[in-house]
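# Analysis of the macromolecular model
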Amino acid sequence: MQSARPRTTRRPWLRHALLALTTLILALTGSGAALAQSGYGFAAPGGYGLKIYRTDYTLYPFVQVYLRTFDSDMQPLINLNELNIGLMVKGRPYNPMKRQYGIQSIRQREEATRSVLVIDASKTMSGTPFEETLRAAIGYIESKRPQDEIAVLAVRDTKQGYELVSQFERDERVLARRIADIQPDGMKTRLYDTIGAGMQMCAMSAQGSVAGGNYVVSCSLVVFSDGKDEGSSITRNELMTRISNLSVPIPIYSLAYSRIDPSHFQNLEALSKNSFGVYYLVGETTARMQRIVEEIQNILQSDYVVTFRSYIPVDGESHSLKLGVEYPSGSGKYVYDDTSFEAIQPPPIPAIRSAITKFEQAIPKLPAGQTPYWDDPAAAPEAAPGMPQ
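Residues numbered from 1 in each chain as written. Predicted model: local features only at pLDDT ≥ 70, side-chain atom pairs only at ≥ 80, totals over all residues. Heavy atoms only, no water.

### Considering the overall build of the protein chain
When helices and strands are tallied, the protein chain shows eight helices and 16 strands. Counting across all 389 residues of the protein chain, residues that qualify as buried make up 58%. For the protein chain, the share of sequence-separated contacts (at least 6 apart) that also reach a separation of at least 24 residues comes to 77%. Of the roughly 16,100 Å² that the protein chain leaves accessible, carbon and sulfur atoms contribute 51%. (Helix = DSSP H or I, 4+ residues; strand = E, 2+ residues; numbered from the N terminus. Buried < 20%, exposed > 50% of the residue type's maximum accessible area, 1.4 Å probe, protein only. Contact = heavy atoms within 4.5 Å. Areas by Shrake-Rupley, 256 points an atom, 1.4 Å probe, with all protein chains shown as cover.)

### Details of helix α7 (residues 289–300)
Turn by turn, an α-helix covers 3.6 residues, leaving residues three or four places apart pointing in a common direction. Between its first and last C-alpha, α7 extends 17 Å over 12 residues, near the 16 Å set by a 1.5 Å rise per residue. Within α7, the full set of buried residues consists of Met 289, Ile 292, Val 293, Ile 296, Gln 297, Ile 299 and Leu 300. The arc that holds the buried residues of α7, viewed along the axis, is 155°, so those residues lie on one side. (Expected span 1.5 Å × (residues − 1). Arc of directions from axis to C-beta.)

### Here's the deal with the state of the cysteines
Across all of its chains, the model carries one disulfide by this definition. For Cys 202, the disulfide goes to Cys 219, at an S-S distance of 2.0 Å. Judged by the sign of its S-S torsion, about -60°, the bond between Cys 202 and Cys 219 is left-handed. Placement of Cys 202 in helix α4 (residues 191–205) and of Cys 219 in strand β11 (residues 214–225) is noted, with a sequence separation of 17 residues between them. Assessed through its relative accessible area of 1%, Cys 219 is described here as buried. (Disulfide = S-S within 2.5 Å.)

### Some points on helix α6 (residues 265–274)
With respect to burial, α6 is a largely interior element, seven of its 10 residues being buried. Buried residues of α6: Phe 265, Asn 267, Leu 268, Ala 270, Leu 271, Ser 272 and Asn 274, and no others. Phe 276 occupies a position one or two residues after α6 and carries a positive phi of about 75°.

### Points about the pattern of salt bridges
Scanning the model with the defined rule gives 17 salt bridges in all. Of the charged contacts in the structure, one is a salt bridge between Glu 149 and Arg 114, with a shortest N-O distance of 2.5 Å. You can see Glu 149 sitting in strand β8 (residues 149–155) and its partner Arg 114 sitting in strand β7 (residues 112–120), a full 35 residues away along the chain. A relative accessible area of 9% places Arg 114 in the buried class. Among the ionic pairs, Lys 273 bridges to Glu 269, the shortest N-O distance being 2.9 Å. Within this pair, Lys 273 and its partner Glu 269 are both found in helix α6, separated by four residues, close to a single helical turn. Several salt bridges converge on common partners, so that one network encompasses Arg 114, Glu 149 and Arg 170. (Salt bridge = Lys/Arg side-chain N within 4 Å of Asp/Glu carboxyl O.)

### Things to note about the environment of Val 248
Summarising the element assignment, Val 248 is placed in the loop between α5 (236–244) and β12 (252–257). For the pair Val 248 and Cys 219, spaced 29 residues apart in the sequence, the C-alpha separation amounts to 9.5 Å.

### As for the packing of helix α2 (residues 128–142) against helix α3 (residues 172–180)
Relative orientation of the contacting elements α2 and α3 amounts to 170°, with a least axis distance of 10 Å. Taken as axis vectors, α2 and α3 run roughly antiparallel relative to one another. In contact with Leu 134, Ala 137, Ile 138, Ile 141 and Glu 142 of α2, α3 contributes Glu 172, Leu 175, Ala 176 and Ile 179. (Axes fitted to C-alpha atoms, helices over the stretch in contact; angles between N-to-C directions. Parallel < 35°, antiparallel > 145°, perpendicular 65-115°, else oblique.)

### With respect to the nonpolar core
The biggest cluster of nonpolar side chains holds 34 residues, and the ones touching the most others in it are Leu 117, Val 152, Phe 224 and Leu 255. Taken together, the elements giving at least two residues each to this core come down to β7, α2, β8, α3, β11, β12, β13 (279–283) and α7. Dropping the residues within four chain positions of it, Leu 117 is found in contact with Ala 137, Tyr 140, Ile 150, Ala 151, Val 152, Leu 153, Ile 179, Val 222 and Phe 224. (Core = buried A, V, L, I, M, F, W, Y, C linked by side-chain atoms within 4.5 Å.)

What follows is the structure, encoded as structure tokens:
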């Protein structure tokens, strides 16, 4: 896989301005967001892909598009800049030279991510595998950013089939103490019920919520298990159907390990592949878990946000948007995903007006008579970044 060459941005003013606005803006944007409805993306061998999972237009005419990129190993694309991005509104491509959009990594911004750790605490996991699991879970916590939140579910012999070890929490020390208290003493493994509960936690409280001033933009599950299920009230097929019907992906990152029976690993593999997550075959070598959880955190923190200025007049209608990635820039090799936004008039709230004013400074409106599009489509390069040909 060829990597994009790192570039020093030609527009540091844009990046700094967008970064400074994030916390203020996103705390106010719950009502003006669209959840991407297109199917989950997968890259062919040697290829790459992207998935738009949120489009926010509360600060119209400025629209923010959240996306995850991945290569054929489901690892994020690195060092993307404006020249890697192709933007098309209602079938018309933006000209990147007119500087009407910018791109940032989530890693550099204030938005938060959420994760639910699902830990198999049945007796079959006792001993070294379980000790390595707890160490890896704590390592995952230590790899997060301060604003990111983690919840913990343990598969246990309770009425629901699991124990809520921790609600979403930021404090690393609190999370570590709660995880250290988990004991592998369960007789049954209602794994699917526990994963379903984790998905419900994500769906009900993560997408678009605000926690302590940081807008939560994504939620994922990290599952430590051998994949065996006993007595769940839902089947694997029912769980797979739930995953397929989600409007916003809740990726499942599964670490499959067992000293006894690897025959159930395929359950975890199926759930991960169907949910836009990644399946990790740990087997008996549980010492690899630490590296794996750090890799998962890197994936979550490597999402991108594209911010552009729309020139469609306020009409309250939904308008189509295509966003493409050409990787590396100039290669002529690109993929794209679809979403939509509404051209709405923002409410006259002082904080929103102030935020829009700052965006105006970061992405000034073009002079009268000019548009953000290619002036003459026939003159546009054959492989304009991200443009379908």
